[in-house]
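Given next are the chains, with one letter for each unit.
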Amino acid sequence: MNKYPTYSVSIRTLGTAGKKYQETLNSVARQTVKPEKVLVYIPHGYALPKETIGVEEYVRCDKGMVTQRSQPFDEITSEYILFLDDDLSFEANFVQKLFDGLLSMDGDCISPDIYRVQNESTLIKIRNFLGGTTPHYDNKWAFKIKKNAHYSYNNHSARGVLLSQSAAGACILCKKSAYHAIRFQEERWIDQISFSFGEDLLFSYKLYKHGYKVLISYDAQIIHLDAGSGHEKNKAKMAYASAFCRYLIWHRIIYSVQESHIDRAICLFYLYVQKFMSLLLSIVIIIVNHNLNTVIASIDGENKAKKYIKSSNYKQLPRFF
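The structure contained in this document is the topic of the report that follows. (Residues numbered from 1 in each chain as written. Predicted model: local features only at pLDDT ≥ 70, side-chain atom pairs only at ≥ 80, totals over all residues. Heavy atoms only, no water.)

The next subject is the overall build of the protein chain. If you tally the helices and strands in the protein chain, you get 9 helices and 13 strands. Computed over C-alpha atoms, the radius of gyration of the protein chain comes to 20 Å, within 12% of the 20 Å expected from 2.2 N^0.38 for 321 residues, which places it in the range of a compact globule. With the C-alpha coordinates aligned to their principal axes, the bounding extent of the protein chain is approximately 55 × 45 × 40 Å. Looking at the protein chain residue by residue over its 321 residues, the buried ones come to 49%. When the accessible surface of the protein chain is totalled, it reaches about 15200 Å², and 55% of it is carbon and sulfur. One finds the centroid of the 40 positive side-chain charges in the protein chain at a distance of 6 Å from the centroid of its 31 negative side-chain charges. (Helix = DSSP H or I, 4+ residues; strand = E, 2+ residues; numbered from the N terminus. Rg over C-alpha atoms; globule rule 2.2 N^0.38 Å. Buried < 20%, exposed > 50% of the residue type's maximum accessible area, 1.4 Å probe, protein only. Areas by Shrake-Rupley, 256 points an atom, 1.4 Å probe, with all protein chains shown as cover. Lys, Arg positive; Asp, Glu negative; His and termini not counted. Charge placed at Lys NZ, Arg CZ, Asp CG, Glu CD.)

The tally for this structure, following the rule as stated, stands at 15 salt bridges. Note that Glu 91 is salt-bridged to Lys 97, the shortest N-O span being 3.3 Å. Glu 91 gets classed as partly exposed once you look at its relative accessible area, which sits at 26%. Members of the salt-bridge network, linked through shared partners, are Arg 183, Glu 186, Glu 187, Lys 206 and Arg 252. (Salt bridge = Lys/Arg side-chain N within 4 Å of Asp/Glu carboxyl O.)

Let us look at the nonpolar core. Cys 174 and Phe 203 are the most contacted members of the largest nonpolar core, which has 54 residues in total. Considering every element that reaches this core, the biggest residue donor is helix H6 (residues 235-255), with 10 residues. Once residues lying within four places of it in the same chain are set aside, the contact partners of Cys 174 are Glu 79, Tyr 80, Ile 81, Phe 83, Asp 108, Cys 109, Tyr 179, Phe 203 and Leu 207. (Core = buried A, V, L, I, M, F, W, Y, C linked by side-chain atoms within 4.5 Å. Contact = heavy atoms within 4.5 Å.)

This next bit is on the pairing of strand E9 (residues 151-154). Here 3 bridges tie strand E7 (residues 134-136) to E9, and the two strands are oriented parallel to one another. Its bridge partner being in E9, His 136 is matched across the sheet by Asn 154. Across 3 bridges, strand E8 (residues 143-145) lies against E9 in antiparallel orientation. Each residue of the ladder has a partner; that of Lys 144, found in E9, is Ser 152. The antiparallel hairpin formed by E8 and E9 contains 5 residues in its connecting segment, where Ala 149 sits at a positive phi of about 75 degrees. (Pairing = 2+ DSSP bridges.)

A separate point is the sheet that holds strand E6 (residues 109-112). Strand pairing in a sheet is mediated by backbone hydrogen bonds. Such pairs are either parallel or antiparallel. Taken together, 8 strands build an open sheet; the order of strands is E3-E2-E1-E4-E11-E6-E12-E10 and the sheet is mixed. The sheet is open, and its two borders are formed by strand E3 (57-61) and strand E10 (161-164), each paired with just one other strand. The mean inter-strand angle of the sheet, taken between neighbouring strand axes irrespective of direction, is 25 degrees. Where E6 and strand E12 (residues 214-217) come together, 4 bridges link them in parallel fashion. Residue pairing across strands places Ile 110 opposite Leu 215, the latter belonging to E12. Lying on the sheet, helix H1 (residues 19-29) is in contact with strand E1 (7-12), strand E2 (38-43), E3 and strand E4 (80-84); it crosses E1 at an angle near 175 degrees. (Axes fitted to C-alpha atoms, helices over the stretch in contact; angles between N-to-C directions.)

Right, dumping it as structure tokens:
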């Protein structure tokens, strides 16, 4: 396995995922292509997990989805970093398949197709369509980012490796040099929101817009065990955070980087078309759930986001690319 580049594993955790975290560690341990180091980034004040494979090293840092993934990583001397969440399970040749795909396309970053949205039922695809996630039929691309900051996905049962403009943050294999070049620490602003939403888009799209080649592997198999599923219990809070973050991300990565008033007007047009589609989805949600809470929370979240973009904290952010 010496033909493969060196890599180290970076896991972000709060130390509370239990058996799911153990399975993540076990998956790392069984790899045919071994990492140089297994580093676990855990916030100050959180107890270290009891689960272990005996080789992992813990690094204390501040708390946050972006913060824990935007460290200096001076501890890592490998050419690549395999960024992982703490609730994953994958096969023994997983990293080998990622590297095979990455090297075959001369890429800088590669991620598995974790959610496989193209395989969802027709009913779920309709719901996703109204929510902004739409299919495309361009066999060159796995995922594309639209002018409303939602993504479209390749609707074929694709195999192999495709170019992409987005990737799932739960698992990304990335050149360390590319990671440093995008200055991901500039996106820590999103950690100020509870249940920060969209940090994976900030990471992968920033790589893409800085000229790095982002890839999706349809062959590397992975299961997202979803240790954070308990967040679903507070749907109103999640709806608020989602609407808040989504509007800010749209403004930051799409709207604010346009060079002309016409381009910005086009982005606004696509945003409001999506708002109309989302309104239809909201009506369905109200009818089914007999509950306005999540809809009200979404409206509140977007209104607060519009106020936030006028704040000095937001205005002082460096340009996205």
